[in-house]
Amino acid sequence: MKKLVIATYVLRALGFILVLLSLFGHTLILNVFPGLEGQSINPIFYSGIVVYLVGAVIYFFINKKERADRRRREIEEAEERAFGGQRNTSEENDEQDSDK
C-alpha cells in the first residue's frame, strides 16, 4: 500500500512540474521539443493538470480506506478496553446455550 501512496506523490509532483514548465518554461520546452515552435503549449499544461488530478484522486481513495481501517481498529480496541473480559464470557455463554 505504501508503494501506491508514493506513486501518487510522484504523479502529483510530475503534474506540478508540467504545469510550472508550461507557465514559465516556454524556452526550455521549445529547446527540448523543437517541433512545437509556433504551436500552443496548452497540451502540456492540460496534461500536467490531468496527471496531478489522477494522483490526487487515487490518494484520496487510498487515504479514505486507511482512515476507515484505522477508525475500525480504534473502535475495536476501545470496546476491548471498555468491556474487558466480560464480552468474551457473554459470547462463550451464548455459544454454550446454543449447543444445548
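Here, the structure is the one placed above.
Observations regarding the overall build of the protein chain
Thought 1: On a plain count of helices and strands, the protein chain comes out with 4 helices and 0 strands.
Thought 2: For the protein chain, the proportion of its 100 residues judged to be buried stands at 13%.
Thought 3: A separation of at least 24 residues holds for 67% of the contacts in the protein chain among residues at least 6 apart in sequence.
Thought 4: Accessible surface for the protein chain amounts to roughly 8000 Å². Of this, 62% is attributable to carbon and sulfur atoms.

Brief notes about the packing of aromatic side chains
Thought 1: On inspection of all chains with the given rule, the structure shows 3 aromatic pairs.
Thought 2: On the basis of an interplanar angle of 65° and a centroid distance of 5.7 Å, the ring pair of F45 and Y46 is categorised as edge-to-face.
Thought 3: Against the face of Y59 rests R12, its NZ or CZ located 4.9 Å from the ring centre.

Topic: helix α1 (residues 2–24)
Thought 1: Along its 23 residues, α1 runs 33 Å from first to last C-alpha, staying within 8% of the 33 Å computed at 1.5 Å per residue.
Thought 2: Considered for burial, the residues of α1 that qualify are V5, T8, R12, G15, V19 and S22.
Thought 3: Looking at the buried positions of α1, the neighbouring elements they touch are α2 (26–32) and α3 (42–83).

Side note on the pattern of salt bridges
Thought 1: Taken as a whole and assessed by the stated rule, the structure comprises 2 salt bridges.
Thought 2: The residue D69 makes a salt bridge to R72 at a minimum N-O spacing of 2.9 Å. Of this pair, D69 and R72 both sit in helix α3, 3 residues apart, roughly one helical turn.
Thought 3: Each of K65, D69 and R72 takes part in one network of salt bridges that share partners.

Considerations on the side chain of R12
Thought 1: Mapping R12 onto the fold places it in helix α1.
Thought 2: Lacking a salt bridge, the buried R12 has E66 as its closest oppositely charged neighbour, with an N-O distance of 11 Å.
Thought 3: Residues contacting R12, with those up to four places away along its chain left out, are Y52, G55, A56 and Y59.

Some thoughts on a positive patch on the surface
Thought 1: Among the surface-exposed residues, K2, K64, R67, R70, R71 and R73 lie close enough to one another that they form a single positively charged patch.
Thought 2: Counting through the fold element by element, R70 comes out in helix α3.

Definitions and limits used
In this convention, every chain numbers its residues from 1, walking through the sequence in written order. The predicted nature of this model means local features are confined to residues of pLDDT at least 70 and side-chain atom pairs, given and counted, to a pLDDT of 80 or more, with totals for whole chains, interfaces and linings taken over all residues. With hydrogens and water stripped out, all remaining heavy atoms of the structure feed into the side-chain values. Runs of H or I in DSSP of at least four residues are treated as helices and runs of E of at least two as strands, each being numbered from the N terminus. The cut-offs for exposure are 20% and 50% of the maximum accessible area for each residue type, with area from a 1.4 Å probe on protein chains only; residues under the lower value are buried, those over the upper are exposed, and the others partly exposed. Throughout, a contact is declared for two residues whenever any of their heavy atoms are within 4.5 Å. Only the protein chains shown count as covering a residue, and every accessible area follows the Shrake-Rupley method with a 1.4 Å probe. Think of it this way: a Phe, Tyr or Trp ring, Trp meaning its six-membered ring, pairs with another when their centres are within 6.5 Å, and the plane angle makes it stacked under 30 degrees, edge-to-face over 60, tilted otherwise. Charge-over-ring placement is defined geometrically: NZ (Lys) or CZ (Arg) within 6 Å of the ring centre, and within 35 degrees of the ring normal. One less than the residue count of a helix, multiplied by 1.5 Å, gives the span that helix is expected to have. Every case where a carboxyl oxygen of Asp or Glu lies within 4 Å of a side-chain nitrogen of Lys or Arg is listed as a salt bridge. For the charge count, each Lys or Arg is scored as positive and each Asp or Glu as negative, with His and the chain ends excluded. Like-charged residues are merged into a patch within 9 Å and nonpolar side chains (Val, Leu, Ile, Met, Phe, Trp, Tyr) within 5 Å, provided each residue has over 30% relative accessible area and no salt bridge. For charged residues, the charge sits on one atom: NZ in Lys, CZ in Arg, CG in Asp, CD in Glu.

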